[in-house]
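Remarks on the overall topology
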Amino acid sequence: MAITIIILAFGFGLVTSLHCVGMCGPIALSIGLSAENKLRFAIKNLTYQLGRVSTYVILGIILGLLGSGVTFAGFQNSLSICIGVLMILTVFIPKFYDNNALQMGFLAQQMLHVKMQLAKLFRKQDYSSLYLTGILNGLLPCGSVYAALTAALGFGSIRNSLLFMLFFGLGTIPLMFFTMLLGNFISVENRQRILKILPVITVVLGVIFILRGLDLNIPYISPALEALQINGEDHSH
């Protein structure tokens, strides 16, 4: 595995999960799992969380297909630069991470349908319903997920995009898991303080993609990014 992808993705997921707790936490809490049997609670909790991760992985595969097509056409460097610039620009877009601002027009109608399906699943407590709840929750508008998907597209390969979204999703699990176990144990004030790191990480990722696309052969940056191309992928950088 490419350790660079794992570190970037898991770290990005861990930090952005603070945003997820604020936006998607109420949905997780409304499932109403009982913690009376700790083992059963943990399994059900993880079933729901893995449903979300499954959605992220599927979306990662789709974007990996798109990115690999661009790479095959010989525009990998341009794609990487464009993705980097786009990620940096999102930091300066007001309310990009405000989920309500992302629900417009046709998207809003589709999200209403998703929420109606979620409401039906909330009444059930079996594992399949919890897994489907997680899958549908992964489809809800989320600026953090959009940023991760943008990064996944920039890798230009199915394997790397899948890997990034997988570990991004895994990075969001710890805080979401304990939120369902303990409630909103992190105060809004502390969450807002920590969330200030999110734009910094987004900009860092953007700069990495830009440097990767410029092919500057910078020590410790270009070689590390070459490692993002796994076994037989493009090593032209």
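Note that the structure is predicted; figures quoted are calculated from it, not measured.

Scanning the protein chain from terminus to terminus reveals 11 helices and zero strands. Walking the protein chain from its N terminus toward its C terminus, one meets helices and strands in the order α-α-α-α-α-α-α-α-α-α-α. Burial status across the protein chain gives 46% buried among its 237 residues. For the protein chain, restricting intrachain contacts to residue pairs at least 6 apart in sequence, the fraction spanning at least 24 positions comes to 82%. Carbon and sulfur atoms make up 71% of the accessible area of the protein chain, which amounts to about 11600 Å² in all.

Once that is clear, we can look at the nonpolar core. Counting residues in each nonpolar core, the largest one holds 30 residues, and the members touching the most others are F12, F164, M165 and F168. Contact partners of F168, with chain neighbours within four places excluded, come to A9, F10, F12, G13, T16, Y56, S144, V145 and A148.

Where helix α3 (residues 38-72) meets helix α6 (residues 127-137), the closest approach of the two axes is 6 Å, and the angle between their N-to-C directions is 35°. Crossing angle aside, the handedness with which α3 passes α6 is right-handed. When α3 is examined against α6, the residues R40, I43, K44, T47, Y48, L50, G51, R52, S54 and T55 are found in contact with a partner set consisting of Y127, L130, Y131, T133, G134, I135 and N137. Residue composition of the contact of α3 with α6, grouped by class: seven nonpolar, seven polar and three charged.

On to α3. For α3, with 35 residues, the first-to-last C-alpha span of 49 Å sits near the 51 Å given by 1.5 Å per residue. Note on α3: the residue one or two positions beyond its end, G74, has a positive phi of about 90°.

Okay, the environment of S157 next. One can find S157 in the loop between α7 (143-154) and α8 (158-182). The buried category is assigned to S157, whose relative accessible area is 2%. Separated by 96 residues in sequence, S157 and I61 have C-alpha atoms that sit 8.7 Å apart. There is a polar contact of 3.1 Å between the side chain of S157 and the backbone nitrogen of N160.

At a minimum axis separation of 9 Å, helix α4 (residues 76-91) and α7 run at an interaxial angle of 165°. The pairing of α4 with α7 is recorded here as roughly antiparallel in orientation. By crossing handedness, the relation of α4 to α7 is classed as left-handed. For the pair α4 and α7, contact is made by L79, I83, L86 and M87 and by A147, T150, A151, L153 and G154, respectively. Grouping the amino acids of the contact of α4 with α7 by side-chain chemistry returns seven nonpolar, two polar and no charged.

Inspection of the entire model under this criterion finds five aromatic pairs. Here the aromatic rings of F177 and F178 are separated by 5.4 Å at their centres, their planes lie at 80°, and the arrangement is edge-to-face. An aromatic cluster of at least three residues, connected via ring pairs, comprises F12, Y56 and F168. Across from the ring centre of Y127, 5.9 Å away, lies the NZ or CZ of K44, which sits over that ring.

Once that is clear, we can look at the confidence of the model for the protein chain. Averaged over all residues, the pLDDT of the protein chain is 76; the fraction at 70 or higher stands at 68%. Element-level pLDDT for the protein chain is lowest in helix α11 (residues 222-226), with a mean of 47, against a maximum mean of 89 in α3. Long-range and interchain partners of residues 223-237, a stretch whose pLDDT sits below 50, account for 31 contacts in this model, where long-range means more than four residues apart.

A separate point is a nonpolar patch on the surface. The grouping of I194, I197, V200 and V204 at the surface amounts to a nonpolar patch, some 310 Å² of accessible area in total. In terms of residue count, the dominant contributor to the nonpolar patch is helix α10 (residues 197-214) (three residues). You can see V204 is positioned in helix α10. The partly exposed category is assigned to V204, whose relative accessible area is 43%.

Calculation notes
Residues numbered from 1 in each chain as written. Predicted model: local features only at pLDDT ≥ 70, side-chain atom pairs only at ≥ 80, totals over all residues. Heavy atoms only, no water. Helix = DSSP H or I, 4+ residues; strand = E, 2+ residues; numbered from the N terminus. Buried < 20%, exposed > 50% of the residue type's maximum accessible area, 1.4 Å probe, protein only. Contact = heavy atoms within 4.5 Å. Areas by Shrake-Rupley, 256 points an atom, 1.4 Å probe, with all protein chains shown as cover. Core = buried A, V, L, I, M, F, W, Y, C linked by side-chain atoms within 4.5 Å. Axes fitted to C-alpha atoms, helices over the stretch in contact; angles between N-to-C directions. Left-handed = near helix turned anticlockwise from the far one by under 90°. Nonpolar A, V, L, I, M, F, W, Y, C, P; charged D, E, K, R; others polar. Expected span 1.5 Å × (residues − 1). Polar contact = N/O pair within 3.5 Å; in protein donor to acceptor, adjacent residues only side chain to side chain. Parallel < 35°, antiparallel > 145°, perpendicular 65-115°, else oblique. Phe/Tyr/Trp six-rings, centres within 6.5 Å; stacked < 30°, edge-to-face > 60°. Lys NZ or Arg CZ within 6 Å of the ring centre and 35° of its normal. pLDDT = per-residue confidence, 0-100. Patch = residues over 30% accessible without salt bridge, like charges linked within 9 Å, V, L, I, M, F, W, Y side chains within 5 Å. Salt bridge = Lys/Arg side-chain N within 4 Å of Asp/Glu carboxyl O.

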